[in-house]
Amino acid sequence: MQLIQNTPDLSAYLVADEVIDHDHPRVRETAARLARSAEDSYAYARLAFEFVRDGIPHSQDSGDPRVTWRASDVLEQGTGICYAKAHALAALLRAEDIPTALCYQKFDVVHGLVAVRFNGAWHRQDPRGNKPDVDARFSLDGERLAFAPDPESNEMDYPVLYAEPHPAVLSALKAAPDRSHLWKTLPTAL
């Protein structure tokens, strides 16, 4: 699949904003701590991915009712669904000047992940969190995502790489008072 930037300006994938707030002290502190253990940007990206994947439980898996959407809140509260975890990973990567996009897949609902830019190419990564039937891994040599769409079931990978969260995703997150409400309002398509 050919991944398509929604903006041609690569610097847009390094920007801090209300959601991917990599200028927030919590994000900067976490990024600095992870960077101390990394010998280069590839190692840092893998460490940040594993930190979000393994260190921040997916709220559906853990039963946490809280809804987070801002990267710093995800890191502070230690919970989030796929979108929120993608926002946190994007912030940690952008904090270390690694261009990072948000991207999506369509299943029964839209699933969120990220793409990182290394060696002139985008590489999708899924920090959702592993469980018995999910084994996502950081990889620059072929995708190791949590889920593979089944086109016969009307599932798909969206090819667009967004510099900021898709408005439908962000609206659902911001409007949800808790995870059970969010589950009823998750976008089913983009």
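Fair warning: this is a prediction, and the values are worked out from it, not measured in the lab. (Residues numbered from 1 in each chain as written. Predicted model: local features only at pLDDT ≥ 70, side-chain atom pairs only at ≥ 80, totals over all residues. Heavy atoms only, no water.)

Colleague: Mind laying out the packing of helix α1 (residues 25–35) against helix α5 (residues 82–95), listing which residues take part and the relevant values?
Modeller: At their nearest, the axes of α1 and α5 sit 9 Å apart, and the two run at 65 degrees to each other. Taken together, α1 and α5 sit at an angle that is classed as roughly perpendicular. Here α1 runs over α5; the crossing is right-handed. From α1, V27, R28, T30, A31 and L34 reach across to α5, where they touch A91, L92 and A95. Split by residue class, the contact of α1 with α5 holds six nonpolar, one polar and one charged. (Axes fitted to C-alpha atoms, helices over the stretch in contact; angles between N-to-C directions. Helix = DSSP H or I, 4+ residues; strand = E, 2+ residues; numbered from the N terminus. Parallel < 35°, antiparallel > 145°, perpendicular 65-115°, else oblique. Left-handed = near helix turned anticlockwise from the far one by under 90°. Contact = heavy atoms within 4.5 Å. Nonpolar A, V, L, I, M, F, W, Y, C, P; charged D, E, K, R; others polar.)

Colleague: Summarise the pairing of strand β2 (residues 100–106); cite the residues concerned and give the values.
Modeller: Counting buried positions along β2 gives seven out of seven residues, so the element sits mostly inside the fold. Residues T100, L102, Y104 and K106 line one face of β2 and the alternating positions A101, C103 and Q105 line the opposite face, and both faces are buried. By the bridge criterion, seven bridges tie β2 to strand β3 (residues 110–118) in an arrangement that is antiparallel. Counterpart to Y104 in the pairing with β3 is G112. (Buried < 20%, exposed > 50% of the residue type's maximum accessible area, 1.4 Å probe, protein only. Pairing = 2+ DSSP bridges.)

Colleague: Any details on the sheet that holds strand β4 (residues 121–125)? Residues and values, ideally.
Modeller: Spatially, the four strands line up as an open sheet ordered β4-β3-β2-β5, and their pairing is antiparallel. The open sheet has two free edges, formed respectively by β4 and β5 (156–157), since each of these has just one partner strand. Note: β3 against β4, five bridges, orientation antiparallel. By the bridge assignment, F118 is partnered in β4 with A121.

Colleague: Any chance you could break down the packing of aromatic side chains for me, citing the residues and the numbers?
Modeller: Here the structure, examined in full by the defined rule, presents six aromatic pairs. With a centroid separation of 5.1 Å and an interplanar angle of 65 degrees, the aromatic rings of Y13 and W122 are classed as edge-to-face. Of this pair, Y13 sits in the loop between β1 (4–5) and α1 while W122 is found in strand β4, placing the two residues 109 residues apart along the sequence. Here Y13 and W122 have matching classes, each one buried. Ring-pair connections join several aromatic residues into one group, and the members of that group are Y83, Y104 and Y162. Positioned over the ring face of W69 is K174, at 4.9 Å from the centre of the ring. (Phe/Tyr/Trp six-rings, centres within 6.5 Å; stacked < 30°, edge-to-face > 60°. Lys NZ or Arg CZ within 6 Å of the ring centre and 35° of its normal.)

Colleague: I'd like a description of the side chain of R53, backed by residues and values.
Modeller: The residue R53 is located in helix α2 (residues 41–55) in this model. With residues up to four places along the chain from it excluded, the contact list for R53 reads K85, P127, G129, N130, A136 and R137.

Colleague: Can you tell me about the packing of α1 against α2, naming the residues and giving the values?
Modeller: To characterise two packed helices, one gives the angle between the axes of the helices and the distance between these axes. Two elements in contact, α1 and α2, have axes whose closest approach is 9 Å; the angle formed by their N-to-C orientations is 125 degrees. As the angle between them shows, α1 and α2 are arranged oblique. Between α1 and α2 lies a crossing whose hand is right-handed. From α1, T30, A31, R33, L34 and A35 reach across to α2, where they touch Y44, L47, A48 and F51.

Colleague: Just give me the short version of unusual backbone geometry, but keep the residues and values in it.
Modeller: Of note in this structure, N119 is not a glycine but carries a positive phi near 55 degrees. Relative to the helices and strands, N119 resides in the loop between β3 and β4. When its relative accessible area of 66% is taken as the criterion, N119 is described as exposed. Phi angles above zero are rare outside glycine, and N154 is one such case at about 65 degrees. Take N154: it is sitting in the loop between β4 and β5.

Purely geometric stuff here, so don't read any function into it on its own.
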